[in-house]
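Chain by chain, the residues run as shown.
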Amino acid sequence: MSIYDSLNKEQKSAVMQTEGPVLILAGAGSGKTRVITHRIAWLIDECGVNPWNILAITFTNKAAGEMRERVDKLVGFGSESIWVSTFHSMCARILRRYIDRIGYDTSFAIYDTDDQKTVIKDILKKLGVDPKEMAPRAVLSAISSAKNELVTPLRYREDTARDYRERVIAEAYDEYQRTLRSNNALDFDDLLMLTVELFNADEEVLHYYQDRFKYIMVDEYQDTNTAQFELIRLLAGKYRNLCVVGDDDQSIYKFRGANIRNILDFEKLYPDAFVVRLEQNYRSTQNVLSAANAVIKNNTKRKSKTLRTDLGEGSLIHFRAFQTAPEEAAFIAQDIERCMRKDRKLSYKDFAVLYRTNAQSRLLEEKLIMESVPYNVVGGTNFYERREIRDMLAYLKTVCNAVDDLAVRRIINVPRRGIGATTIGRMTDFAAQQSMNLFDAMCDELCLAGIGRASVKVKEFTDLILEFREFAKTASVQNLIRHVVEKTNYEEELRASEEEDAEDRIANIDELISKAASYEESRELSEEGATLSGFLEEVALIADIDDVEEGDDRVLLMTLHSAKGLEFPHVYMAGMEDGLFPSRMSIDDADDDAVEEERRLAYVGITRAKEELTLTYAMSRMMRGDVHYSGISRFVLEIPQELLDEKPVALSGRRDDSMRLDFDDLPDSDDFSDRGYRSRGRGGHGSQGYGSQGYDSKSYGGEGYGSAGYHGLSSYGAGAPRTDRRPKAVYVPPHTKEERKPFIAKQATSLQKGMPAAGTKPDYVEGDRVRHIKYGEGTVLKIEENPRDYKVTVMFDEAGQKIMYAAFARLEKV
DNA sequence: AAGCTATCCATCTGC
DNA sequence: TGGATAGCTT
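Just so it is clear, the structure is predicted and the values come from calculations on it, not from any experiment. The numbering scheme is per chain: residues are counted from 1 as the chain's sequence reads. Key to labels: chains lettered from A, ligands numbered from 1, both in the order written. Given that this is a predicted model, residues contribute local features only at a pLDDT of at least 70 and side-chain atom pairs are listed and counted only at 80 or more, while totals for whole chains, interfaces and linings are drawn from all residues. To obtain the side-chain values, all non-hydrogen atoms of the structure were included, while hydrogens and water were left out.

1. Brief notes about the overall build of chain A
Phase 1 of the analysis: Secondary structure elements are taken from DSSP: a helix is a run of H or I of four residues or more, a strand is a run of E of two residues or more, and numbering for both begins at the N terminus. Looking only at helices and strands, chain A has 32 helices and 22 strands in total.
Phase 2 of the analysis: Throughout, exposure labels follow a simple rule: accessible area from a 1.4 Å probe, protein chains only, divided by the maximum for the residue type, with under 20% read as buried, over 50% as exposed, and the rest as partly exposed. Evaluated residue by residue, chain A yields a buried proportion of 55% over its 814 residues.
Phase 3 of the analysis: Contacts between residues were defined by any pair of non-hydrogen atoms, one from each residue, lying within 4.5 Å. Long-range pairs, those at least 24 residues apart, make up 74% of the contacts in chain A with a sequence separation of at least 6.
Phase 4 of the analysis: For the accessible areas, the method is Shrake-Rupley and the probe is 1.4 Å, while residue cover comes only from the protein chains on display. With an accessible surface of roughly 36,700 Å², chain A has 50% of that area assigned to carbon and sulfur atoms.

2. Regarding the protein's contact with DNA strand B
Phase 1 of the analysis: What surrounds DNA strand B is a group of 26 residues, the closest being Arg356, Asn358, Thr422, Ala543 and Arg624.
Phase 2 of the analysis: Here the atoms of DNA strand B within 4 Å of the protein split so that 49% fall in sugar or phosphate, with bases taking the remainder.
Phase 3 of the analysis: Here a polar contact is taken to be a pair of N or O atoms separated by no more than 3.5 Å, where protein atoms must pair a possible hydrogen donor with a possible acceptor and residues adjacent in sequence count only if both atoms sit in side chains. The side chain of Thr113 places a nitrogen or oxygen atom 3.5 Å from a base nitrogen of DNA strand B.
Phase 4 of the analysis: Separating a phosphate oxygen of DNA strand B from a side-chain N or O atom of Thr559 is a distance of 2.9 Å. A molecule or strand has a residue near it when one of that residue's heavy atoms lies within 4 Å.

3. Comments concerning the pairing of strand β7 (residues 242-246)
Phase 1 of the analysis: Of all five residues making up β7, five are buried, and the element is well covered by its neighbours.
Phase 2 of the analysis: The side-chain alternation of β7 yields two buried faces, one formed by Leu242, Val244 and Gly246 and the other by Cys243 and Val245.
Phase 3 of the analysis: Any two strands are treated as partners once DSSP identifies two or more bridges connecting them. The sheet contact formed by strand β1 (residues 22-26) and β7 spans four bridges and is parallel. Of the residues in β7, the one forming a bridge with Val22 is Cys243.
Phase 4 of the analysis: For strand β6 (residues 215-218) and β7, the ladder comprises three bridges, and the chain directions are parallel.

4. Re the packing of helix α17 (residues 387-400) against helix α23 (residues 477-488)
The angle between the axes and the distance between the axes are what describe a pair of packed helices.
Phase 1 of the analysis: Axis definition: a line fitted to C-alpha atoms, over the contacting stretch in the case of helices. Angles run 0 to 180 degrees between N-to-C directions. At a minimum axis separation of 10 Å, α17 and α23 run at an interaxial angle of 110 degrees. Taken together, α17 and α23 sit at an angle that is classed as roughly perpendicular. Touching Met392, Tyr395, Leu396 and Val399 of α17 are Leu480, Ile481, Val484, Val485 and Thr488, all from α23.
Phase 2 of the analysis: Three categories are distinguished: nonpolar for Ala, Val, Leu, Ile, Met, Phe, Trp, Tyr, Cys and Pro, charged for Asp, Glu, Lys and Arg, and polar for the others, with Gly belonging to the last. For the contact of α17 with α23, the residue count by class is eight nonpolar, one polar and no charged. Throughout, the term roughly parallel applies to angles under 35 degrees, roughly antiparallel to angles over 145, roughly perpendicular to angles from 65 to 115, and oblique to all others.

5. Side note on the side chain of Asp405
Phase 1 of the analysis: Among the secondary structure elements, Asp405 is positioned in helix α18 (residues 405-411).
Phase 2 of the analysis: For the buried Asp405, no salt bridge exists, and the shortest N-O distance to an oppositely charged side chain is 5.6 Å, to Arg409.
Phase 3 of the analysis: Engagement of the side chain of Asp405 in a polar contact is seen with the backbone nitrogen of Leu438, the distance being 3.0 Å.
Phase 4 of the analysis: In this view, Asp405 contacts Asn183, Asn437, Leu438 and Phe439; residues no more than four positions away in its chain are not counted. In this tally, Asp and Glu contribute negative charge and Lys and Arg positive charge; neither His nor the terminal groups of the chain are included. Salt-bridge detection follows one rule: a side-chain nitrogen of Lys or Arg within 4 Å of a carboxyl oxygen of Asp or Glu.

6. Things to note about a negative patch on the surface
Phase 1 of the analysis: Residues Glu69, Asp72, Glu80 and Glu550 make up a contiguous surface patch of negative charge.
Phase 2 of the analysis: Relative to the helices and strands, Asp72 resides in helix α3 (residues 61-74). Patches were defined on residues exceeding 30% relative accessible area and lacking a salt bridge, with like-charge contacts within 9 Å and nonpolar side-chain contacts (Val, Leu, Ile, Met, Phe, Trp, Tyr) within 5 Å. Charged side chains are reduced to one point each, which is NZ for Lys, CZ for Arg, CG for Asp and CD for Glu.

7. Examining empty space enclosed by the protein
Phase 1 of the analysis: In the cavity and pocket records, a cavity denotes points on a 1 Å grid over the protein atoms alone where a 1.4 Å probe fits but cannot get out, a pocket denotes an open set with protein on both sides within 12 Å along at least 5 of 7 lines, and lining residues are residues with an atom within 4 Å of a point. Grid points are joined across faces, edges and corners, and a volume is the space filled by probe spheres set on the points. For the structure shown, the criterion picks out three cavities of 30 Å³ or more.
Phase 2 of the analysis: Size it by volume and the second largest cavity reaches roughly 80 Å³.
Phase 3 of the analysis: Lining the second largest cavity are Arg96, Ser107, Phe108, Ala109, Ile110, Lys397, Cys400, Asn401, Ser533, Leu536, Glu537 and Ala540.
Phase 4 of the analysis: For the lining of the second largest cavity, the elements supplying multiple residues, two or more each, are β4 (109-111), α17 and α26 (532-540).
Phase 5 of the analysis: Per-element accounting of the lining of the second largest cavity gives the leading share, four residues, to α26.
Phase 6 of the analysis: Of the residues in the lining of the second largest cavity, the class split is six nonpolar, three polar and three charged.

8. Observations regarding the pattern of salt bridges
Phase 1 of the analysis: With the rule as written, the count across this model stands at 52 salt bridges.
Phase 2 of the analysis: Between Glu567 and Arg283 there is a salt bridge whose closest N-O contact spans 2.8 Å. Here Glu567 is found in the loop between β14 (555-559) and β15 (568-573), whereas its partner Arg283 is found in the loop between β9 (280-281) and α14 (286-296), with 284 residues between them in sequence.
Phase 3 of the analysis: For Glu567, a relative accessible area of 38% gives the class partly exposed.
Phase 4 of the analysis: For Arg283, a relative accessible area of 11% puts it in the buried group.

9. Thoughts on the nonpolar core
Within soluble globular proteins, side chains that are nonpolar tend to cluster in buried spots.
Phase 1 of the analysis: Residue types Ala, Val, Leu, Ile, Met, Phe, Trp, Tyr and Cys, when buried and joined through side-chain atoms within 4.5 Å, form a set referred to as a nonpolar core. Counting residues in hydrophobic clusters, the biggest one holds 75 residues, and the most contacted among them are Phe87, Met90, Leu191, Phe199, Ile216 and Leu242.
Phase 2 of the analysis: Not counting the four nearest positions on each side in its chain, Phe199 is found in contact with Ile94, Val205, Leu206, Tyr209, Leu231, Leu234 and Leu235.
Phase 3 of the analysis: Residues Tyr490, Ile506, Ile513 and Leu532 belong to the second largest nonpolar core, which totals 49 residues.

Below, the structure is given as structure tokens:
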């Protein structure tokens, strides 16, 4: 009895066809990961392939981790030398070694979306483009598409720049790329594009990797974009042992450049490809599959296949309609509790609630809190997007890559050290003139001479960084972070700021330190070992889904996109409304491909369910400030009625009554208004202790980061008294506006402010001509003495009459 | 310099 | 709705 006996006929043929191009069309739940892992085992054990020569590419780190784990179990030893990684981290790894051959430095930084936005905004400003007529977002997305299609700025200009808009984009793209290069930074798309560029530019490097990766496997092939396609094509160019696995019905990343043609045309590129279809599903009941099949068959462009299962008919698909979204959310929360009570074998982690947009999570969170259901939200606000984390990372980046102006700017005055916008502006100008980077300018005597008193502060800052850099040479990453926190007085400043969540933020920094520690631990045995740039890279490339703690007994809330590749006994799909899902945009799109993509997303959602699938619909829902009414999603209507336990008809609403829905008719409608929330004390089950504090979703909601996994939540059963549900952790969920509030170092500020300004008498009198930095010249009409300052009224020649305070206006006598 | 307010505005999905 | 920002006030 061998490990391969457990495979079905098709799976076996896919495993054993080791040579040449192979296309595995793997329907949802058809055991494709099993096929890949067994194929790797087969290559090593039966074909004598060196594990070193095998490359397996997945889309997320989580998938990579799981795959490696499973391979470890199948393969005796040597599995650690198999490359299992995502496209992005594979490219980062290759570039860390060889990018100097195409003119970057190997200590490059990786920019995330926020960094990109900062850069592009700057550029648009420089180009004199009004952000109103051309959104930075849109420009970035055009640049991203270009990169995904391997179009360089030069070619973009030549081929694309026809109208004004495209010319601006061409200009911005070029400038953007220059900026990144001078900051020695790459964005996500660069990782792919520059690796292709490297391979094309340097035969030696290409041959090295072609020879290294004699056997290549790519998971989720339907979601590859042109750059990824080209990368793979180049890598497999010599041995042609390329096995791709995918499901065209699950292609859901078109907006990110994924080209479904990559999978549909695989056989055209490789006419000798061996093609296998896996249609036997091992995950879901027949009813779930029938629903999925019924929906997806409405798509025209697909390699048709029909899933089948031996797991029995199963329950009907549940459909529930509600008048309002809060009712929908309340139902889901209560239904989870109901199932938990009914079936003691279930635990919270057996449930997932899926939705189209992240914004939908809030309402669900509220209701889950009310029902005392522990949950985790995947995505939304990322741990690494927190201000304190970004600050720390900016310090690390500055230490690691001195030329990254963006990182330097972020921390130059955080915590407050009296280096203001004016000083930074002057130094930036100097740097631009001398075409040097900001940090070097700050170290330059000539530059310091030009900024007066502030130069002392700047010197202190650069000395601090230089000291960190020295420290980093011998210290571990975790100790470096500790050192930075200590030397910058970050914690004290935070506490002094009187910010409400200062302690949470400090806890987050501790969390970052432990992430650094576990990174270092994981690299102990690896080739390159732990490095600062390695840590920054890992941090930059994690996806939301990667951070979900295994073994955490919580209901998972996430977008349909995040759910790809996962499975749950109970799945809820919330917000099944035309206009939300499929989205308005896709419906209005002239191209019906748009709705087809949404349909694939629906297919992905449905096929996540193993046993119970519940689709919910809310007739009305608050969206961006006002109430929206929608009909039932076409995807629900595409499911044959006999598969549903309830007819998909909207509750009788009174549309003409606008907002005044009649709540008294409804059994569970008391939680629509604010009043309703509070009066809910009578509530269902296990909510004791929650009435008053429970509503503070801030301190409860998305906390589940890291440490939250260890709060012993996994042990209690439904109905048990739950008193201490409030985790110690730390991660303050998305909803806070506190988030971006600047660092208010109250004490420091008042100290600095205390002395100056107030008493200084201006050197001009009424009737004098004065000059203002912004308004130009004018005549002083009136000067009044205030307790704190002098109030000056000036009639400017251009700008008209202004009242200002002498200390701030800094008027010069002409 | 920096907080505060008033106003605008855009909305999906994510490595 | 709430986040981002420009402009005004202190």
